[in-house]
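Below are the chains, spelled out letter by letter.
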Amino acid sequence: MKSVMITGGAGFIGSNYARFALEQHPDWKVIVYDKFTYAGNPDNLTDLASRFKGRYTLVRGDIADREAVFDAVKQHGIDIIINFAADSHVDRSIEEPGTFIMTDCYGTYELLEAARAFKIERYHQISTDEVYGDIEPPGRSAEADPLRPSSPYSASKTGGDLLCLAYHRTYGLPVTITRGTNNIGPFQYPEKVVPVWVTNAIDNQPLPLYGDGRQMRDYQYVLDHCEGIDIVVTKGVPGEAYNVGSGVETTNLDLAHAILDLLGKPYSLIQPITDRPGHDRRYAVDNNKVRGLGWAPSHTFAQAIEKTVRWYRDNESWWRKIKTGEYLDYYKRQYGGREVK
Ligand code: NAD
Ligand code: DAU
């Protein structure tokens, strides 16, 4: 049995990956290590304890807390660390950059220190295409391109990537990195654009659209991303980064139309609002390197968005529980008074 620590495993992608890993690797024990910030949700993991008896453990802890990290790695005899833990929302990083630097940069350092001290077999960092900054069409960011992050979030993630590469070069730590594009699918906290828009549309509420809505993102299905991560963890070359994305970009306006069409709601629900400061115009990645390991996306954009909308329609109790209290305060702070007539 291998012991695999999935940090940030109570969040959106981490919980999807924890379930995927337990299904795909009968010889893995999974230890989810999570601080349970507002984005960490025990409801994302409820099926795991009964489905994977003896192979799944949940530990509450902060990746920036050395003692807690070292204790967990030692106690569970960790062989592999896969680090999903992060503050992950660009808009919140504009409001409060400090927590992003602490978790995404300093927390990564503490995990790398633990990996070094306990000589673990593989440290894998979950990174993002945002480290490249935006790119004019028809360009595509490749792994060796310069890193030009635009927001406090992406700058903190870039710091994490650079630390990982430095630990590989300096200490020979077996590190790999994946740089994923925008994920969509089950269990995404309703602050990211797709769950905000889908849940608002279900309730006939406005869909806030930043600026002119012509920004482009590569919206991939979360399980395609999980497969890409898994292939890099098991087959990737230490010291290397790999882009994971579908290679297909969609404008935010087209995304809004797709969601409203799937729900049978009018386009008049789209509400233009003032733009995000420093907003990156377009992300697009070259995915040939990860394809070289045998990965290919299994979902088209149309399939990914259809499955995602269906999940939120079928799982109202999951998101209605979140859209109360702290969330409503955040929503008011984030969107209040930004309407453009
Ligand atoms: P999320 O915000 O849904 O979940 C983050 C998880 O990390 C939460 O469970 C939270 O409690 C936990 N966490 C936060 N700070 C922590 C700390 N200090 N110690 C321990 N746990 C902590 O995020 P997500 O969207 O699932 O993103 C996961 C990872 O993937 C992040 O590293 C993010 O940068 C990266 N990523 C996300 C996307 C995307 O589209 N969501 C795309 C590419 C890469
Ligand atoms: O590219 C990968 C990144 O994708 C990840 O690293 C981040 O963790 C993840 O949050 C995501 O970042 P984005 O900023 O691209 O995602 P977000 O869902 O916040 O916004 C997607 C696009 O939609 C972006 O162009 C801004 C726009 N938007 C967003 C929101 C929340 C709107 O127009 N309206 C909104 O209400």
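Source: prediction; values computed, not measured. (Residues numbered from 1 in each chain as written. Chains lettered and ligands numbered in written order. Predicted model: local features only at pLDDT ≥ 70, side-chain atom pairs only at ≥ 80, totals over all residues. Heavy atoms only, no water.)

Let's talk about the sheet that holds strand 11 (residues 241–244)
So, step 1. If you trace the seven strands from one edge of the open sheet to the other, you get 3-2-1-4-5-6-11, paired in parallel fashion. One side of each edge strand has no neighbouring strand; the edge strands of this open sheet are strand 3 (56–60) and strand 11. Direction aside, neighbouring strands of the sheet carry axes that sit 20° apart on average.
So, step 2. Across four bridges, strand 6 (residues 175–180) lies against strand 11 in parallel orientation. Paired with glycine 180 across the bridge in strand 11 is valine 244.
So, step 3. Along the sheet, helix 8 (residues 222–235) makes contact with strand 2 (28–34), strand 4 (80–83), strand 5 (122–128), strand 6 and strand 11, crossing strand 5 at roughly 145°. (Pairing = 2+ DSSP bridges. Helix = DSSP H or I, 4+ residues; strand = E, 2+ residues; numbered from the N terminus. Axes fitted to C-alpha atoms, helices over the stretch in contact; angles between N-to-C directions. Contact = heavy atoms within 4.5 Å.)

Concerning the site of ligand 2
So, step 1. In the neighbourhood of ligand 2, 25 residues make up the surrounding shell, with Ser88, Asp129, Tyr153, Arg276 and Tyr335 lying closest.
So, step 2. Contact distances for ligand 2 include 2.8 Å between an oxygen atom and a backbone N or O atom of valine 193.
So, step 3. Between ligand 2 and asparagine 252, the relevant distance is 2.8 Å, taken from an oxygen atom to a side-chain nitrogen or oxygen of the residue.
So, step 4. Contact with the protein chains hides 95% of the accessible area of ligand 2, taken as 690 Å² for the molecule alone.
So, step 5. For the shell around ligand 2, the secondary-structure elements that each account for two or more residues are helix 7 (193–202) and strand 8 (207–210).
So, step 6. Broken down by element, the residue count for the shell around ligand 2 peaks at three residues, all from strand 8. (Near = heavy atom within 4 Å. Polar contact = N/O pair within 3.5 Å; in protein donor to acceptor, adjacent residues only side chain to side chain. Areas by Shrake-Rupley, 256 points an atom, 1.4 Å probe, with all protein chains shown as cover.)

Observations regarding unusual backbone geometry
So, step 1. Of the consecutive residues proline 137 and proline 138, the connecting peptide bond is found in the cis state with omega at 5°.
So, step 2. Checked against the element boundaries, proline 138 lands in the loop between strand 5 and helix 6 (152–171).
So, step 3. Residues other than glycine seldom take positive phi values, yet asparagine 204 does so here, at roughly 60°.
So, step 4. Accessibility expressed as a relative area gives 48% for asparagine 204, which makes it partly exposed. (Buried < 20%, exposed > 50% of the residue type's maximum accessible area, 1.4 Å probe, protein only.)

As for empty space enclosed by the protein
So, step 1. The full count for this structure, using the stated rule, is two cavities of 30 Å³ or more.
So, step 2. In this structure, the largest cavity occupies an estimated 70 Å³ of space.
So, step 3. Together, 13 residues line the largest cavity, and Val90, Ser151, Gly278, His279 and Asp280 are the ones closest to its centre.
So, step 4. Here the residues of the lining of the largest cavity sort into four nonpolar, five polar and four charged.
So, step 5. Split by domain, the residues of the lining of the largest cavity number at least three in each of domain 1 (2–184 + 221–244) and domain 2 (193–216 + 248–282 + 300–335).
So, step 6. Taken as a whole, the second largest cavity spans an internal volume of roughly 30 Å³.
So, step 7. Residue lining of the second largest cavity: Tyr219, Gln220, Tyr221, Asp224, Ser246, Pro297, His299, Thr300 and Ala304, and that is the complete set.
So, step 8. When the residues that make up the lining of the second largest cavity are grouped by side-chain class, the tally is four nonpolar, four polar and one charged. (1 Å grid on protein atoms, 1.4 Å probe; cavity = no way out; pocket = protein on both sides within 12 Å on 5 of 7 lines; lining within 4 Å. Points joined across faces, edges and corners; volume = space filled by probe spheres on them. Nonpolar A, V, L, I, M, F, W, Y, C, P; charged D, E, K, R; others polar. Domains from an automatic or database assignment.)

A few points about the layout of surface pockets
So, step 1. Here the second largest pocket is characterised by a volume of approximately 230 Å³.
So, step 2. Taken together, 13 residues form the lining of the second largest pocket, with Asn200, Pro206, Pro208, Tyr331 and Tyr335 sitting closest to its centre.
So, step 3. Counting only elements with at least two residues in the lining of the second largest pocket, the list comes to strand 13 (270–273) and helix 13 (325–335).
So, step 4. In terms of residues, the lining of the second largest pocket owes the most to one element, helix 13, which gives four residues.

So, the domain arrangement of the protein chain
So, step 1. Domain boundaries assigned for the protein chain yield domain 1 (2–184 + 221–244) and domain 2 (193–216 + 248–282 + 300–335).
So, step 2. A straight line from the C-alpha centre of domain 1 to that of domain 2 covers 25 Å.
So, step 3. Of the roughly 1,800 Å² buried where domain 1 meets domain 2, counting both sides, 44% is carbon and sulfur surface.
So, step 4. Three residues, Asp91, Ile184 and Tyr221, lead the burial of domain 1 against domain 2; their summed loss comes to 30% of the area buried on that side.
So, step 5. On the surface where domain 1 and domain 2 come into contact, there are five salt bridges.
So, step 6. For glutamate 249, the salt bridge is made with arginine 140, and the minimal N-O distance between the two is 3.0 Å.
So, step 7. Across the contact surface, domain 1 and domain 2 share 13 residue pairs in polar contact (both at pLDDT 80 or more).
So, step 8. The dominant element in the side of domain 1 that touches domain 2, judged by the number of residues it contributes, is helix 4 (residues 90–95), at five residues.
So, step 9. Of the residues that constitute the side of domain 1 that touches domain 2, the class distribution is eight nonpolar, six polar and seven charged. (Buried area = accessible area lost by both parts, 1.4 Å probe. Salt bridge = Lys/Arg side-chain N within 4 Å of Asp/Glu carboxyl O.)

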